[in-house]
Amino acid sequence: MSTRKYTALEQVRLDKIQRLREMGIEPYPPRAERTHTTQEARQAFEEAERQGKETGPEVTVAGRIRSMREMGKITFAHIEDEHGKIQLFFQANTLGKERLRFFNKMFDIGDFIQARGHLFRTRSGEISVWVHDFKMLAKAITPLPPDKRTKHTPFSDPELRYRQRYADLAVHPEVRDIFRKRAAIVRALRDFLDRHGFLEVETPILQLIYGGAAARPFVTYHNLLKQRLYLRISFELYLKRLLVGMFERVYEIGRDFRNEGISFKHNPEFTQLECYMAYADYRDMMDFVEQMLVEVVEKVLGSRKFTYQGHEIDLTPPWRRVALRDALREATGIDIAQHPTGESLLAAMKERGIEPPRAAPRGKLIDWLLSTYVEPKLIQPTFVYDYPRDISPLAKSKPDDPNTVERFELFIGGMELGNAFTELNDPLDQEARFLEMGRTYAADDEERHPLDEDYLQALRYGMPPNAGFGMGIDRLTMLLTDQPSIREVILFPHLRPEKGGATEGEKGQTPSTPERVFAKIAAATGEDA
RNA sequence: GGGCGCGUAGCUCAACUGGCAGAGCAGCGGCCUUUUAAGCCGUUGGUUGGGGGUUCGAGUCCCUCCGCGCCCA
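Note that the structure is predicted; figures quoted are calculated from it, not measured.

Chemist: Whenever I open this one, the sheet that holds strand S3 (residues 84–91) confuses me. Can you help?
Modeler: What the five strands build is a closed barrel, ordered S1-S2-S3-S5-S4; its pairing is mixed. When strand polarity is set aside, the average angle formed by the axes of neighbouring strands in this sheet is 55°. Pairing analysis gives seven bridges linking strand S1 (residues 58–71) to strand S2 (residues 74–81), with the strands arranged antiparallel. Looking across to S2, one finds that Arg64 is bridged to Glu80.

Chemist: Can you walk me through the nonpolar core in this structure?
Modeler: Side chains that are nonpolar tend, in soluble globular proteins, to be buried together. Counting residues in hydrophobic clusters, the biggest one holds 54 residues, and the most contacted among them are Met285 and Phe408. Of the residues forming this core, the biggest block, eleven residues, is contributed by helix H9 (residues 282–301). Leaving out residues up to four positions away in the same chain, Met285 has contacts with Cys275, Met277, Phe408, Ala420, Ala467, Gly468 and Phe469. Core analysis: the next-biggest nonpolar cluster, separate from the first, contains 38 residues, Val201, Val322, Ala348 and Ala458 among them.

Chemist: Explain the packing of helix H11 (residues 342–351) against helix H12 (residues 362–374) here, please?
Modeler: Helix packing geometry: the angle between the two helix axes and the distance between the axes. Remark: H11 packs on H12, axes separated minimally by 8 Å, with the N-to-C direction vectors making an angle of 35°. In this structure, H11 meets H12 at a crossing whose hand is left-handed. Contacts from Gly342, Leu345, Leu346 and Met349 of H11 reach H12 at Arg362, Leu365, Ile366, Trp368 and Leu369. Residue composition of the contact of H11 with H12, grouped by class: seven nonpolar, one polar and one charged.

Chemist: Honestly, the domain arrangement of chain A in this entry has me stumped. Any pointers?
Modeler: One frequent convention defines the size of an interface as the accessible area lost when the parts assemble. Here chain A is described as being made up of domain 1 (8–138) and domain 2 (188–207 + 235–494). Distance between the C-alpha centres of domain 1 and domain 2: 53 Å.

Chemist: I keep staring at the pattern of salt bridges and nothing clicks. Help me out?
Modeler: When the charged atoms of two side chains with opposite charge come close together, those side chains can pair. Under the defined criterion, the tally for this structure stands at 44 salt bridges. Of the charged contacts, one joins Arg407 and Glu409 as a salt bridge, the two residues approaching to 3.5 Å between their closest N and O atoms. Per residue, the accessibility class of Arg407 equals that of Glu409, and both read buried. Each member of the salt-bridge network shares a partner with another, and the members are Lys16, Asp108, Asp111 and Lys139.

Rules used throughout
- Residues numbered from 1 in each chain as written.
- Chains lettered and ligands numbered in written order.
- Predicted model: local features only at pLDDT ≥ 70, side-chain atom pairs only at ≥ 80, totals over all residues.
- Heavy atoms only, no water.
- Pairing = 2+ DSSP bridges.
- Helix = DSSP H or I, 4+ residues; strand = E, 2+ residues; numbered from the N terminus.
- Axes fitted to C-alpha atoms, helices over the stretch in contact; angles between N-to-C directions.
- Core = buried A, V, L, I, M, F, W, Y, C linked by side-chain atoms within 4.5 Å.
- Buried < 20%, exposed > 50% of the residue type's maximum accessible area, 1.4 Å probe, protein only.
- Contact = heavy atoms within 4.5 Å.
- Left-handed = near helix turned anticlockwise from the far one by under 90°.
- Nonpolar A, V, L, I, M, F, W, Y, C, P; charged D, E, K, R; others polar.
- Domains from an automatic or database assignment.
- Salt bridge = Lys/Arg side-chain N within 4 Å of Asp/Glu carboxyl O.

Here it is as structure tokens:
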């Protein structure tokens, strides 16, 4: 019994499976006997040609049928494996009429096949396998979608491409290339950090107290321990504990989870790199990041320059460094230094016809101005530095200006790519900041964070001065693969369920606070919350 | 969360002010011994995203729900 109804097209192929089995042919045999990839087969033939031969060696190739052209007593087909295609040539004189008919009738585009034969060139010059024998490796039931380049019927529906990424990948080699490049980026970052004395570590994803960023968490529940847990929104507080533990340089590459909106640059789970360097400050970190990205990009792309969405981006150092105050003054005419309070800043904004979406504290207004008026224009790599203290509770204040912290964000291609501070290592100041945040944020503000007493305890043992940096791997991949949406660089991006919509009983109401969610989870799992 | 747009055959898309749901591709049957967007002849295929309403009559108009995209938060 099937979990869904088969289409008429699928039914045809199911019938073929049935008939194959009746003929004693297993449509899903356990083993293949490939001797050459398509690439190796072509190379083998070219080698034979260099030796003056007209035919190449006998090879057994395997792959997915991508096209079939039946022409009476001969049939052409292309098969594809991971790295390329090769044409198969089936001829009645070689195989016998019945065997050729068997191929024509029982094999379809999308099936995996293995074919043995010698290599040759067709009259039109294409290297092909003159098939002596062939074998079904895996019968496809659902027809493959046509690829994007097919003139009449491109497979272009983004929803279907993301929902059925396997089909998208199967027919679009260039989509496979994005993920190869992504792997190369991560490898190059690791390599760079390892060579610079960083230790790669893994810290908890399930956390009792979340922190390190301003974001809403996903919540979950450990049944046996009756523990409320959060999926981490950043690695920051754990990695910095390791500096207390006398590791001087640590990094982690992994998944963060943020229970927030989805957009072309936001996915609920995304991959982050964070690294921490003892005895360095945020200026050292700028130099380090510059060096790291230049090297990574050169390794992956072979150049310091690349095009992102029509913009030529040049990573040749030194990158522009601009104080947040100057960047905002340039973009909006407002000097935030003249407006030490939210009220004053808001008044200045309104004077210039700038209307924020909602009333907010000073730091949040500045953040909004930055992302609205500055960020989209920062195409070339730019460090924006010196941020308001109240939106940076983990960063150290500037010695001469307690309301400004030593923090920078990195922008490339109009996107925020990374964030860094001279880390706050004064346990008393950190405690004061946590308490201050608790007062500034309304009790029901979902970005209000619980106070992490254990983190303060770690600081009390003494943490060396250090700088930390976090960067979105997905966004870096977007830049280096010239993709306009984060979904193009995540293999299985988050989508709503195709059917059903909201979970039963939750329609129309969002359980907005973790407390309410815990109550629901506990009820659903039969545990006391 | 808000605004705009989209949802029709397996895929890509048509269908005027409401009036017989169509094409190309693929599929199926046939012809074809060097094709590669093969070609030629014939042919099958529909819960028009789900539900409700208006109407003699709804793909089209109204309400609602679901999904996707773009823009805004």
